Amino acid sequence: MAGLLSTQYNSTLSKLKLLRSNVNPALSVLTSTQRKYSSKDGAGFEYLHKSVVPTMHYQKSLPRLPVPKLEDTIRRYLAAQRPLLNDEQYSNTEKVAHDFQSGVGKQLHEELVAFDKNNKHTSYISAPWFDMYLSARESVVLNFNPFMSFNPDPKPEYNDQLLRATNMVCSAVRFMKTLRAGLLEPEVFHLNPAKSDTDSFKRLIRWVPPSISWFGAYMVNAYPLDMSQYFRLFNSTRIPKYKRDELFTNDKGRHLLVIRRGNLYVFDALDRDGNLIKPAEVQAHLKYILTDPTQAPSFPLGVLTSENRDTWAGLRQKLLDAGNGEALQLVDTALFCLCLDEEVMRDHIHISHNMLHGDGCNRWYDKSFSIILAKDGQAAINFEHSWGDGVAVLRFQNEVFKDTTEKPLVGPGSQPAAVDSSSAVRRLEFKLNEELKAGITKAKENFQAAVSKLTIDAMEFKKGGKEQLKKKKLSPDAIAQLAFQMGFLQQYGQTVATYESCSTAAFKHGRTETIRPATIHTKRCAKAFVEQPGKHTVEQLQGLLNECSKYHGQLTREAAMGQGFDRHLFAMRYLANSKGMALPSLYQDTAYAAINHNILSTSTLTSPAVSLGGFAPVVPDGFGVGYGVHDEWIGCNVSSYPSRNVHEFLKCVHKSLEDIFTVLDGKPIH
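Residues numbered from 1 in each chain as written. Predicted model: local features only at pLDDT ≥ 70, side-chain atom pairs only at ≥ 80, totals over all residues. Heavy atoms only, no water.

For the rest of this paragraph, the subject is the UniProt feature "domain: Choline/carnitine acyltransferase" (unreviewed entry) in the protein. UniProt annotation of "domain: Choline/carnitine acyltransferase" (unreviewed entry) refers to residues 65-654 when read in the numbering used here. Helix makes up 44% of residues 65-654 and strand 15%, and the two end C-alpha atoms of the span are 38 Å apart. (UniProt positions renumbered as here; feature names shortened; annotations may be inferred. Helix = DSSP H or I, 4+ residues; strand = E, 2+ residues; numbered from the N terminus.)

This part covers the environment of Ser196. Within the fold, Ser196 resides in helix H7 (residues 193-196). In this structure, Ser196 is in contact with His190, Phe201, Val220 and Ala222, ignoring residues within four places of it in sequence. (Contact = heavy atoms within 4.5 Å.)

Here we take up the confidence of the model for the protein. Here the protein averages 92 in pLDDT, and 93% of its residues register 70 or above. Here residues 1-43 is a poorly scored stretch, pLDDT under 50, and it has 165 contacts once near neighbours within four places are set aside; other chains count. (pLDDT = per-residue confidence, 0-100.)

Attention now moves to unusual backbone geometry. A positive phi angle, close to 70 degrees, is found at Leu142, a residue other than glycine. With respect to the helices, strands and loops of the structure, Leu142 is situated in the loop between helix H5 (126-135) and strand E1 (147-150). Residue class for Leu142 comes out buried when judged on its relative accessible area of 4%. One non-glycine residue, Asn221, adopts positive backbone phi at about 65 degrees. Tracing the backbone shows Asn221 in the loop between helix H9 (213-219) and strand E3 (222-224). By relative accessible area, Asn221 is classed as partly exposed at 34%. (Buried < 20%, exposed > 50% of the residue type's maximum accessible area, 1.4 Å probe, protein only.)

The next thing to look at is the sheet that holds strand E6 (residues 255-260). Taking strand neighbours across the sheet as the criterion, the eight strands line up as E11-E7-E6-E8-E9-E10-E1-E16 in an open arrangement whose pairing is mixed. Whereas interior strands pair on both sides, the edge strands pair on one side only; in this sheet they are strand E11 (426-427) and strand E16 (610-614). Strand contacts of helix H12 (residues 325-333): E6, strand E7 (263-268) and E11, with the helix running at about 105 degrees to E6, the strand carrying the most contacts. (Pairing = 2+ DSSP bridges. Axes fitted to C-alpha atoms, helices over the stretch in contact; angles between N-to-C directions.)

Turning our eyes to something else, we now look at the nonpolar core. Among the nonpolar cores identified, the biggest contains 89 residues, and Leu233, Leu286, Leu338 and Phe396 are the most heavily contacted of them. The element that contributes the greatest number of residues to this core is helix H6 (residues 161-180), accounting for ten residues. Counting 43 residues, the second largest nonpolar core, distinct from the first, contains Ile479, Leu489, Leu544 and Ile669. (Core = buried A, V, L, I, M, F, W, Y, C linked by side-chain atoms within 4.5 Å.)

Regular strands have side chains that alternate between both faces of the sheet. Among the six residues in strand E13 (residues 498-503), six count as buried, and that is most of the element. Side chains Thr498, Glu500 and Cys502 of E13 all project onto a buried face; the interleaved residues Tyr499, Ser501 and Ser503 project onto the opposite face, where all are buried too. Inspection of the sheet shows E13 paired to strand E15 (residues 600-604) by three bridges, in the parallel sense. Paired with Glu500 across the two strands is Thr602, which belongs to E15. In the sheet, E13 pairs with strand E14 (residues 512-515) via four bridges, with the strands oriented antiparallel. Directly across from Glu500, in E14, lies its bridge partner Ile515.

Burial analysis of E16 places four of its five residues in the buried class, the great majority of the element. Sheet topology places E1 next to E16; four bridges connect them, and they run antiparallel. Opposite Phe147, over in E16, you have Gly614 as the bridge partner.

Let's shift gears to the pattern of salt bridges. Overall, the coordinates contain 41 salt bridges when judged by the stated rule. For Arg137, the salt bridge is made with Asp310, and the minimal N-O distance between the two is 2.7 Å. Of the two residues, Arg137 sits in the loop between H5 and E1 while Asp310 sits in helix H11 (residues 309-321), which places them 173 residues apart along the sequence. Exposure remark for Asp310: the relative accessible area of 24% places this residue in the partly exposed category. Asp566 is the partner of Arg516 in a salt bridge, and the nearest nitrogen-oxygen pair spans 2.7 Å. Linking Arg516 in the loop between E14 and helix H19 (520-530) with Asp566 in helix H21 (residues 566-578), this pair joins segments that are 50 residues apart in sequence. Each member of the pair, Arg516 as well as Asp566, carries the same accessibility label: buried. Ionic contacts of the salt-bridge type, sharing partners, join the residues Arg137, Arg238, Asp245, Arg309, Asp310, Asp366 and Glu384 into one network. (Salt bridge = Lys/Arg side-chain N within 4 Å of Asp/Glu carboxyl O.)

What follows concerns helix H13 (residues 348-356). For H13, the buried fraction is high: seven of the nine residues fall into the buried class. Where H13 is concerned, the buried positions are His350, Ile351, Ser352, His353, Asn354, Met355 and Leu356. Those residues of H13 that are buried lie in contact with E1, strand E9 (369-373), strand E10 (379-383), strand E12 (455-461), E16 and strand E18 (634-640). Between the side-chain oxygen at the start of H13 and the backbone nitrogen of Ile349 there is a gap of 3.1 Å, and the oxygen is on Asp347. Of the residues flanking the end of H13, it is Gly358, one or two places downstream, whose phi is positive at about 65 degrees. (Polar contact = N/O pair within 3.5 Å; in protein donor to acceptor, adjacent residues only side chain to side chain.)

Here the focus is the packing of helix H2 (residues 70-81) against helix H3 (residues 87-102). Packed helices, taken two at a time, are described by the angle their axes make and the gap between the axes. For the pair H2 and H3, interaxial distance at closest approach is 10 Å and the crossing angle is 170 degrees. It follows from the interaxial angle that H2 and H3 lie roughly antiparallel. Side by side, H2 and H3 meet where Leu70, Glu71, Ile74, Tyr77, Leu78 and Gln81 of the first sit next to Tyr90, Thr93, Glu94, Ala97, His98, Phe100 and Gln101 of the second. (Parallel < 35°, antiparallel > 145°, perpendicular 65-115°, else oblique.)

Further remarks concern the packing of aromatic side chains. Scanning the entire structure with this criterion turns up 23 aromatic pairs. Residues Tyr133 and Phe144 carry aromatic rings whose centres are separated by 5.7 Å and whose planes lie at 70 degrees to one another, so their mutual orientation is edge-to-face. Highlighted residues: Tyr133 in helix H5 and Phe144 in the loop between H5 and E1, separated in sequence by eleven residues. Here Tyr133 matches Phe144 in class, with each residue buried. Ring geometry for Phe175 against Phe396: centres 5.2 Å apart, planes inclined by 80 degrees, an arrangement best described as edge-to-face. With Phe175 in helix H6 and Phe396 in helix H14 (residues 390-406), this residue pair connects regions lying 221 residues apart in the sequence. (Phe/Tyr/Trp six-rings, centres within 6.5 Å; stacked < 30°, edge-to-face > 60°.)

Bringing the packing of H11 against H12 into the picture now. Where H11 meets H12, the axes come as close as 8 Å, and the angle between the chain directions of the two elements is 125 degrees. When the axis of H11 is compared with that of H12, the two are oblique. Every residue of H12 that contacts H11 at Arg316, Leu319 and Leu320 is listed here: Gly325, Leu328 and Asp332. When its residues are assigned to classes, the contact of H11 with H12 shows three nonpolar, one polar and two charged. (Nonpolar A, V, L, I, M, F, W, Y, C, P; charged D, E, K, R; others polar.)

As a further point, take the environment of Phe383. Checked against the element boundaries, Phe383 lands in strand E10. The class of Phe383 is buried, set by a relative accessible area of 1%. Taking the C-alpha atoms as reference points, Phe383 and Ser370, 13 residues apart in sequence, are found 6.3 Å from one another.

A sheet is described by the order of its strands in space; here six strands give the open sequence E12-E18-E17-E15-E13-E14, paired in mixed fashion. Each edge of the open sheet is held by one strand with a lone partner, namely E12 and E14. Averaged over all adjacent pairs, the angle separating strand axes in this sheet is 25 degrees, with direction ignored. Pairing between E12 and E18: seven bridges, direction antiparallel. Bridging from a neighbouring strand, Glu460 pairs with Gly635 of E18.

This is how it looks when you write it as structure tokens:
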């Protein structure tokens, strides 16, 4: 199960470059960086822009996520198992898989297909995937919530904590209003922007009925993406409940939740008419909070959101019983959470630790997302993962970064409004009995014990990147993934289960699919580079790199089209479980457990707004690998627990990249 939970920060849609050629409608995977949002000037103070095409125009006619053929799933599953098993193990797994295919698997597949046909409003993976997240009892910290940090504002004077917090709050509220008014540009991947990303096309497509609008976009090589998760961005939280949590959204809330020194504050960011209050007033209220002399509480409530979910559910009920219902409701219904930290960030590693987990006290990890602002203006988003993948979060982050850097509403010369913030801002107070105090103390201890085991390290490879690899007709993503396989082989002498996430947002209620980057090709290539470099000519090694790239491209295309095997097998297992059936032998095979124990959990992201992102390993003996392949360099931000050495791993990955680029330059390696 642990491996199946590894969609950490994974919503990443940056597989596009691979898909530009030979694309079909299902391949509309997208990074928000690949498109320009046509913000109309004169959008007005309330909105970021006013899209000609309504935000949800394409949603009704999105294609449905296909249920793969059972024989294709079994074939892909066995291909992914081959590099992980010896001959005897593989032979056993092959038999188990084929027995499943002709026996109970056939029945489960047919039932899944029938269920899918009867539920055309959604995808076959949507409900099981929500259930998987919400039923998980582990802490959301480290196990689920990822972070993505903002690049600094290009104008240094705007990186002041108060200024940046004010501008980000204003832009975030403007994004929310633009979204809710249906004026936010729909999320579309344009394969031919000269035809589809034009005013004339948008004026035309807006008149095409929503029930067929997707086909209109498809005619000009434009691929709209699912936007069903967006409504959960604001006024949303995850409520802990015994055995299974609940998602809660109430769009009536007009207030913002701000946390500083573990104290929780609220103030209205919208007026009674639902309009953003004056930026100078936001600035005044945030200044009031930043200068509040109230000391950090001995029993900070936020740390409870880092607890085991059942433990937190019990304590939340005790909070309600003690008369804290109104205060908790204000937390749950807040637009979003803004965390104002006291620390100055020292370096990337410090930023990663702070934005991924922090001190546990100045956070409310259950909110759909939190904007975190350090003392020096370093900013990031930490988000709860059950409600959605990073599609909506990344779009939001890109828009907020663009708006705050290009059209900031307050600047170094701005004065906070002369308003009475002491009456507008309310510090929440909670009634705590001894049992609750003991629960908070225990939560602090558990939090410290968990985060103290986490190590994060980063690496930048400066000798080549996307441009060089594309000239050699190699997939940049494939080469990065190969470097992880080579690095792990060099360090530990083996090939292990590896997970790379791919968005299926091209489909209605699509979530993610898994790319399995450990293949017979990467194993062969890694062994040649790491164990027998002298036995192969430069041309032979280049040939092996090409094979890896080609096969990785195929796996990526399949995953983007909903043609992986992981989600299909997961859905059939979920179905068997929900029917109370005995667990089919395929799922009891040790090889199935092993391939879902993802020692290398990886996710890639490049965006003009994001400087780095990260997440914890999904298994105790794993690595959490966040990476980006840039034009001229390749960066990794990697986490591990004590059973793995992350520093050594990054050295091995760096050496692997050096060897790959040496061979691409036509030089031998030794």
